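Structural characterization, general
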Amino acid sequence: MEKFSLHVSSTTGLFFSLFCFLSRCAASLSQSICKVAASRQKHTLPDLTYDYGALEPHINAEIMQLHHSKHHATYVNNLNVTEEKYEEALAKGDVTAQVALQPALKFNGGGHINHTIFWTNLSPNSGGEPQGELMEAIKRDFGSYQKMKEKMAAVTVAVQGSGWGWLGYDKESGRLRIAACANQDPLQGTTGLIPLLGIDVWEHAYYLQYKNVRPDYVKAIWNVINWENVQERLQIAKK
């Protein structure tokens, strides 16, 4: 009986020690997550390399100012708030909260990603036609620049409600593809295509100037496409 009591006591002590060790590990992990969250650099609104009025007459200054300083800024702010909530849920092990935050992460994260690409896709000293490797790829995959432009314009104009038209790179096939994404869904995250050129067809991108005539806006935006930026994106995507 004494031996049995000693065995139980020893086993209990072992379990208690193990419990204390696991508790310390959990606390340490939680602290580590909190430290990472605290040290995480917040997303910021990127500066434009041109003035708000630089794309006129194709996109006016009022649209550009509202689009960049208000709409894009809202996506950035909401993304930071959502990520903070997600990190708190992660630290607490609250899977339900993590799942509930996924739509906000996708929407605001996609909005930030898409607009950051969009601003660099535009330039006041652009337009014309792409050159070099990009033009060769366009001719190979679409037949001609004009055919590519017509197809992308048609897909972009046809977006129901709000969304984006994209020229993307399919890494598996090594070919260019045209796609449309609803709302702020990011191209690569939803289709696997690497984004090269995006056209925003949310109404805030054109309504003040083009009203409800989306085709006129899409036709005009080709005059300010920064093909050098698109070419650079293609080169990076191929690596």
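The preceding data block contains the structure.
The paragraphs below set out a description of the structure included in this document. Within every chain, residues take consecutive numbers counted from 1 along the sequence as written. Reporting in this predicted model follows two pLDDT cut-offs: at least 70 for local features of residues, and 80 or more for side-chain atom pairs to be given and counted; totals over whole chains, interfaces and linings ignore these cut-offs and use all residues. To get the side-chain values, all heavy atoms of the structure are used, and hydrogens and water are removed first.

With that out of the way, let us pick up helix H4 (residues 132-142). Think of an α-helix as 3.6 residues a turn; residues three or four steps apart then line up on the same face. To sort residues, take the accessible area from a 1.4 Å probe on protein chains only and compare it with the maximum for the residue type: under 20% means buried, over 50% means exposed, and anything in between is partly exposed. In DSSP terms, a helix is any run of H or I states spanning at least four residues, a strand is any run of E spanning at least two, and both are numbered starting from the N terminus. Along H4, the positions that sit buried rather than exposed are Leu-134, Met-135, Ala-137, Ile-138, Asp-141 and Phe-142. Taken down its axis, H4 places every buried residue within 160 degrees of arc, on the same side. Only heavy atoms enter the contact rule, under which two residues are in contact if any of them lie within 4.5 Å. Looking at the buried positions of H4, the neighbouring elements they touch are helix H5 (145-157), strand E1 (163-170), strand E2 (175-182) and helix H9 (227-238). Phi turns positive one or two residues past the end of H4, at Gly-143, with a value near 100 degrees. The arc refers to the directions leading from the helix axis to the C-beta atoms.

Two elements in contact, helix H2 (residues 61-92) and helix H3 (residues 95-121), have axes separated by 8 Å at closest approach and are oriented at 145 degrees. Between H2 and H3 lies a crossing whose hand is left-handed. Only Asp, Glu, Lys and Arg are considered charged in this grouping, and only Ala, Val, Leu, Ile, Met, Phe, Trp, Tyr, Cys and Pro are considered nonpolar; every other residue, Gly among them, is considered polar. For the contact of H2 with H3, a count of residues per class yields 14 nonpolar, 14 polar and two charged. Helix axes use the C-alpha atoms of the stretch in contact, all axes being lines fitted to C-alpha atoms, and the angles between their N-to-C directions lie in the range 0 to 180 degrees. Take the far helix as your reference; a near helix turned counterclockwise from it by less than a right angle gives a left-handed crossing, and one turned clockwise gives a right-handed crossing.

Side-chain atoms within 4.5 Å link the members of a nonpolar core, which is a set of buried Ala, Val, Leu, Ile, Met, Phe, Trp, Tyr and Cys residues. Counting 51 residues, the largest nonpolar core has Ile-59, Leu-122, Leu-176, Tyr-217, Ile-221, Trp-222 and Trp-227 as the members making the most contacts within it. The greatest single-element share of this core, amounting to five residues, is contributed by H4.

As for its placement among the helices and strands, Gln-98 is situated in helix H3. A residue is classified by how much of its surface remains accessible, and Gln-98, at 12% relative accessible area, is buried. Considered as a pair, Gln-98 and Glu-83 are 15 residues apart in the sequence and their alpha carbons are 10.0 Å apart. Setting aside anything within four residues of it in sequence, one finds Gln-98 in contact with Tyr-86, Ala-89, Leu-90 and Gly-93.

The subject of this paragraph is the pairing of E2. Residues in a regular strand project their side chains so that they alternate between the two faces of the sheet. Where E1 lies against E2, eight bridges are found, and the strand directions are antiparallel. By the bridge assignment for E2, Gly-163 is matched with Ala-182. DSSP bridges decide pairing: two strands pair if at least two such bridges lie between them. Between the end of E1 and the start of E2, which pair antiparallel, lie four residues, with Gly-174 showing a positive phi angle near 75 degrees.

Okay, the sheet that holds strand E3 (residues 194-200) next. Where strands meet in a sheet, backbone hydrogen bonds hold them as pairs that are either parallel or antiparallel. The strand order E2-E1-E3 describes an open sheet built from three strands, whose pairing is antiparallel. The open sheet has two free edges, formed respectively by E2 and E3, since each of these has just one partner strand. If you compare each strand with its neighbour and ignore which way they point, the axes differ by 25 degrees on average. With six bridges joining them, E1 and E3 adopt antiparallel strand pairing. Paired with Trp-164 across the strands is Asp-200, a residue of E3.

Counting through the fold element by element, Asn-80 comes out in helix H2. Under the rule applied, a polar contact is a pair of N or O atoms within 3.5 Å (in protein, one hydrogen donor and one hydrogen acceptor; residues adjacent in sequence only if both atoms are side-chain atoms). One polar contact links the side chain of Asn-80 to the main-chain amide nitrogen of His-43, over a distance of 2.9 Å.

Moving on: the environment of Asp-51. Along the polypeptide, Asp-51 turns up in the loop between helix H1 (2-39) and H2. Taking relative accessible area as the criterion, Asp-51 reaches 61% and is therefore assigned exposed. Between the C-alpha atoms of Asp-51 and Met-64, which are 13 residues apart in sequence, the distance is 8.9 Å.

Any helix carries an expected span of 1.5 Å times its number of residues minus one. Along its 27 residues, H3 runs 38 Å from first to last C-alpha, staying within 8% of the 39 Å computed at 1.5 Å per residue. Where H3 bends most, the angle comes to about 35 degrees, and this point is Leu-101, followed within four residues by the proline Pro-103. Note on bend: the value at a residue is the angle between axes fitted to the seven residues ending there and to the seven starting there.

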